[in-house]
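# Close look at the chain arrangement
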Number of protein chains: 2
Amino acid sequence: MKERTRKLNLRPVRPAFKLWLKTERGYALGEGGVRLLQEVEKCGSITDAAKSLRMSYRYAWGLVRKIEKNIGTPMLDTYKGGSHGGGGARVTQAGLTIIRKYRALEEEISHILKSNW
Amino acid sequence: MKERTRKLNLRPVRPAFKLWLKTERGYALGEGGVRLLQEVEKCGSITDAAKSLRMSYRYAWGLVRKIEKNIGTPMLDTYKGGSHGGGGARVTQAGLTIIRKYRALEEEISHILKSNW
């Protein structure tokens, strides 16, 4: 058995992962969708959440609609008026559950990757 | 607060993940690379491993070289002759360690996704 003698510079290897949610139809949402929902809940409106994440209002709404279509349940409750006068949005219970479970899994996987590599 | 009344068909959501290894330079290898290394170890040659995975010999060698360059250490020991007369290859200790640790992490993440969703 001949060991190849080409000199290589050993670099430390670390694991990385990506987490997403799917249904039997395929991809439903991932980090981007969860972050947007969290930002809507924090800001109380899609307009402010989109601004904070540097995406257009149109893109943000499109993403929410796509998630709702994929999962089959509303992620946001919207209302008119409010302190800004422009209405607002809250994440539904279903949406909050999605956020909570996604972040919990993410945390556990990160922990495993740190402690078991 | 107005709840949108659009009727949606709730679909069961499940988590999915992708695992890969990286260095400070970026991506090093993922499922495809680990599978190829495992197949080389099983078959004892790159030719047979490539055939088994339906990739060209050229592509398989290119992938191995890319992994070695990314990580900075040889993944295969090659030798001439052997029972087929065409030489063969074995995965190095470093390669075996990569395979073992990658599969162990993958297993643990799968377990968490099943039990904690």
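Now for a look at the structure at hand. As the structure is a prediction and not an experimental result, all values here were calculated from the model.

### What to know about the overall build of chain A
Scanning chain A from terminus to terminus reveals four helices and four strands. Put simply, chain A runs from its N terminus to its C terminus through helices and strands in the order β-β-α-α-α-β-β-α. Taking all 117 residues of chain A together, 44% fall into the buried category. A separation threshold of at least 6 residues defines the contact pool for chain A, and within that pool the share at least 24 residues apart is 50%. When the accessible surface of chain A is split by element, carbon and sulfur atoms take 50% of a total near 6,900 Å².

### Concerning unusual backbone geometry
Notably, R54(A) is not glycine yet its phi reads approximately 55°, a positive angle. Within the fold, R54(A) resides in the loop between α2 (46–52) and α3 (57–71).

### Comments concerning the pairing of strand β2 (residues 26–29) of chain A
Residues and elements named next belong to chain A. Relative to β2, strand β1 (residues 14–23) runs antiparallel, the two sharing three bridges. Looking at β2, one finds that T23 is bridged to G26. Between β1 and the antiparallel strand that follows it, β2, lie two residues.

### So, the environment of T23(B)
Here T23(B) is to be found in strand β1 (residues 14–23). Setting aside residues up to four positions removed in sequence, T23(B) forms contacts with R11(A), P12(A), V13(A), R14(A), A28(B), N70(B) and I71(B).

### Structural notes on the pattern of salt bridges
Counted under the stated rule, the structure contains 10 salt bridges over all chains. For E41(B), the salt bridge identified is with R90(B), shortest N-O distance 2.8 Å. One end of the pair, E41(B), is in helix α1 (residues 31–43); the other, R90(B), is in strand β4 (residues 88–91), with 49 residues separating them in the sequence. It is possible to trace a salt-bridge network through shared partners that takes in E31(A), R35(A), R103(A) and E106(A).

### Quick look at the relation of the copies chain A and chain B
Each copy of the chain is related to the other by a rotation around an axis and a translation along that axis. Note on the copies: chain A fits chain B at an RMSD of 0.0 Å, the axial shift is 0.0 Å, and the rotation between them is 180°. What the rotation and shift describe, once combined, is the action of a two-fold rotation axis. Proximity to the rotation axis, assessed at the C-alpha, singles out K18(A) in chain A; its C-alpha lies 2.6 Å from the axis. A share of 100% of the interface residues of chain A reappears at the interface of chain B, consistent with the copies meeting face to face through the same patch.

### Re the packing of aromatic side chains
Enumeration over the complete set of coordinates arrives at zero aromatic pairs over all chains. Against the face of W117(B) rests K101(A), its NZ or CZ located 4.7 Å from the ring centre. Of note, R65(B) hangs over the ring of W61(B), and the distance from its end group to the ring centre comes to 4.9 Å.

### Notes on the environment of A89(B)
Residue and element names in this part refer to chain B. Relative to the assigned elements, A89 resides in strand β4. The class for A89 is buried, based on a relative accessible area of 1%. Along the chain, A89 and S45 lie 44 residues apart, while their C-alpha atoms are 4.7 Å from each other. When residues no more than four places from it in sequence are discounted, the contact partners of A89 are V40, G44, S45, I46, L76, D77, T78 and Y79.

### Quick notes on the interface of chain A and chain B
Listed as interface residues are 47 residues of chain A and, on the opposing side, 47 residues of chain B. Regarding the contact of chain A and chain B, the summed buried area is about 4,600 Å², with carbon and sulfur atoms giving 60% of it. One can count zero salt bridges joining chain A with chain B. Applying the counting rule to chain A against chain B returns 13 residue pairs in polar contact (both at pLDDT 80 or more). Of all the elements in the fold, those that place two or more residues in the side of chain A that touches chain B are β1, α3, β3 (76–79) and α4 (93–115) of chain A. A per-element tally of the side of chain A that touches chain B places β1(A) first, with 10 residues. Class assignment for the residues of the side of chain A that touches chain B results in 24 nonpolar, seven polar and 16 charged.

Calculation notes
Residues numbered from 1 in each chain as written. Chains lettered and ligands numbered in written order. Predicted model: local features only at pLDDT ≥ 70, side-chain atom pairs only at ≥ 80, totals over all residues. Heavy atoms only, no water. Helix = DSSP H or I, 4+ residues; strand = E, 2+ residues; numbered from the N terminus. Buried < 20%, exposed > 50% of the residue type's maximum accessible area, 1.4 Å probe, protein only. Contact = heavy atoms within 4.5 Å. Areas by Shrake-Rupley, 256 points an atom, 1.4 Å probe, with all protein chains shown as cover. Pairing = 2+ DSSP bridges. Salt bridge = Lys/Arg side-chain N within 4 Å of Asp/Glu carboxyl O. Least-squares fit on C-alpha atoms with pLDDT ≥ 70 in both. Phe/Tyr/Trp six-rings, centres within 6.5 Å; stacked < 30°, edge-to-face > 60°. Lys NZ or Arg CZ within 6 Å of the ring centre and 35° of its normal. Buried area = accessible area lost by both parts, 1.4 Å probe. Polar contact = N/O pair within 3.5 Å; in protein donor to acceptor, adjacent residues only side chain to side chain. Nonpolar A, V, L, I, M, F, W, Y, C, P; charged D, E, K, R; others polar.

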